Amino acid sequence: MLLTPSGLLLGKRGITRKIQSTFSTILSSKMSSPATKDQAESQNFPFLMDEQTVATLKESKTLIILRGLPGSGKSYLAKEIQDKYRDSTRIISADKHNIKPVIRTVISKEYDDLDKALIGSFKKRSVNVIVLDDTHHDRERLESVFDTADAHNFTVILVEPKTQWRRDCNVLKDKSHWKLSMEELKGLRGPLEMEVLPFYFGWFLTTASMDTLKKLRHSFLDTLGGLKVFRKRATPFYVRDENHKGKVDLLSYFGQKPNIMHCTTKYCNHGTEPGSKEYSQLDAVKKSYGKVFTLSITALFITPETAGARVELDEQQLLLWPLDAEKEVMPSDNLPKGSRAHITLGCAKDVKDVQTGIDLLKFVQLQGKGEKGEEMGEICGGDLRYFNNGLWMLSLARKIEIKALFSGFYGKSSSTCERRKESSPLLSCTIA
Ligand code: 2AM
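Keep in mind it's a predicted model, so treat the numbers as computed, not measured. (Residues numbered from 1 in each chain as written. Predicted model: local features only at pLDDT ≥ 70, side-chain atom pairs only at ≥ 80, totals over all residues. Heavy atoms only, no water.)

A short note on the overall build of the chain
Regarding its fold elements, the chain presents 18 helices and 14 strands. Across the 432 residues of the chain, 48% fall into the buried class. For the chain, restricting intrachain contacts to residue pairs at least 6 apart in sequence, the fraction spanning at least 24 positions comes to 75%. As presented, the chain carries roughly 21,700 Å² of accessible surface, and 53% of it is formed by carbon and sulfur atoms. (Helix = DSSP H or I, 4+ residues; strand = E, 2+ residues; numbered from the N terminus. Buried < 20%, exposed > 50% of the residue type's maximum accessible area, 1.4 Å probe, protein only. Contact = heavy atoms within 4.5 Å. Areas by Shrake-Rupley, 256 points an atom, 1.4 Å probe, with all protein chains shown as cover.)

So, the pattern of salt bridges
Scanning the entire structure with this criterion turns up 18 salt bridges. For lysine 287, the salt bridge is made with aspartate 283, and the minimal N-O distance between the two is 3.0 Å. Here aspartate 283 and lysine 287 lie together in helix α15 (residues 283–288), a separation of four residues that amounts to about one turn. Judged by its relative accessible area of 49%, aspartate 283 is partly exposed. The network of salt bridges with common partners includes Glu160, Arg166 and Arg167. (Salt bridge = Lys/Arg side-chain N within 4 Å of Asp/Glu carboxyl O.)

Structural notes on the pairing of strand β10 (residues 306–312)
Of all seven residues that make up β10, six are buried, and the element is covered over most of its length. Sheet analysis places strand β9 (residues 291–302) next to β10, joined by six bridges and oriented antiparallel. By the bridge assignment, isoleucine 302 is partnered in β10 with alanine 307. Between the antiparallel neighbours β9 and β10 lie three residues. (Pairing = 2+ DSSP bridges.)

Brief notes about the site of the ligand
Taken together, Phe199, Tyr200, His262, Thr264, Tyr267, Glu328, Arg340, His342, Thr344, Asp353 and Val354 form the complete shell of residues around the ligand. Between the ligand and threonine 264 there is a distance of 2.5 Å, counted from an oxygen atom to a side-chain nitrogen or oxygen. Within the backbone of valine 354, an N or O atom sits 3.5 Å from an oxygen atom of the ligand. For the ligand, whose free accessible area comes to 460 Å², the fraction covered by protein is 88%. For the shell around the ligand, the elements supplying multiple residues, two or more each, are β8 (262–267) and β11 (342–347). Sorting elements by how many residues they give to the shell around the ligand places β8 first, with three residues. Along the lines of polarity and charge, the residues of the shell around the ligand split into four nonpolar, four polar and three charged. (Near = heavy atom within 4 Å. Polar contact = N/O pair within 3.5 Å; in protein donor to acceptor, adjacent residues only side chain to side chain. Nonpolar A, V, L, I, M, F, W, Y, C, P; charged D, E, K, R; others polar.)

Here's what the structure looks like:
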């Protein structure tokens, strides 16, 4: 028995219980203290908290664009990112370039130096994570940053700090060294409250995974194009390719390619597509935005229009797959959820990349009817089959695992494949 300071008499078991309850009181008071809770919440981003994401982004090319009012916690977040990613990071801050966060009628020369620093960082081999710390209230400015990132093959993550006061002008007016007036802050808040929806959401392959898939794509198209069995059945390809001269070079035939290989989940067209806003608000989307996933590739395929890789989604990944993704393009069929998941490897001349998913569903429909295709032998680690009308599929003996970042593509709204034709040399194809 023991006499406690509070005058209670406790046996051995009582002591244990008392200690436990004291500990849990201390713990719960710590957990609920506003500073600790806020801090934990403000760091609650997969690119800070998820180990696989951090390890993968250290070796890929990512631009983290911070957006929000002055004083909302962007620079704090930038510092957190730098602490995580160390030597592979560069922070580019509008404050450091003395750019005042105000509404401008034109993007002034004040941005010239910052842009030079940004482009310098894009070009630096050792820099993998760039953090761009600015209010980004101006849509035109933001769009020019998106396009520059795309031109340098950097995947974008657009982030607003999660601090409780991020939109509270009363608190913010004392937090920033710019000492903006209430009117100035409210003026900036208006455009910042308008959500920026991407051209499309999806998984964007990391640099290393893109290299793996580019090699596979190259050997598949090169080998297939050279096969006698293919040349004998190449009429659907000759019909599209007036310069074929008796042989189809599949590598140049599928010459229209996106800059960054990706598996689209939701096409939003910057918010004009039905269901875009609802998709962006899904819990799974909000939690997964900025997180790296491992996707499995099970097959490669070509049709006279497109070349693609079939992606098999697991349960978690299917949470990010829109319910109507298959119905959107094949309304009369009841195809399994996720069966349209793919990565476009290339399109024939004048074909839009959206066609790849439609082409994949043609195979899924045939397989659903029990068609297995004609066996054409083994190439490139898989079993090659022909399904008529120029439909070829290589089912891989072993699934290929690739790493991909779930995020958005925010660049220009024209089709990525079509855009390539009139693009500047910077935007030209990058896949070997
Ligand atoms: P992809 O995923 O097959 O490559 C922009 O066009 C991007 O969104 C492309 O990557 C494209 O195809 C994808 N996409 C998905 N659905 C689309 C749709 N309904 N219209 C246009 N593009 C779509």
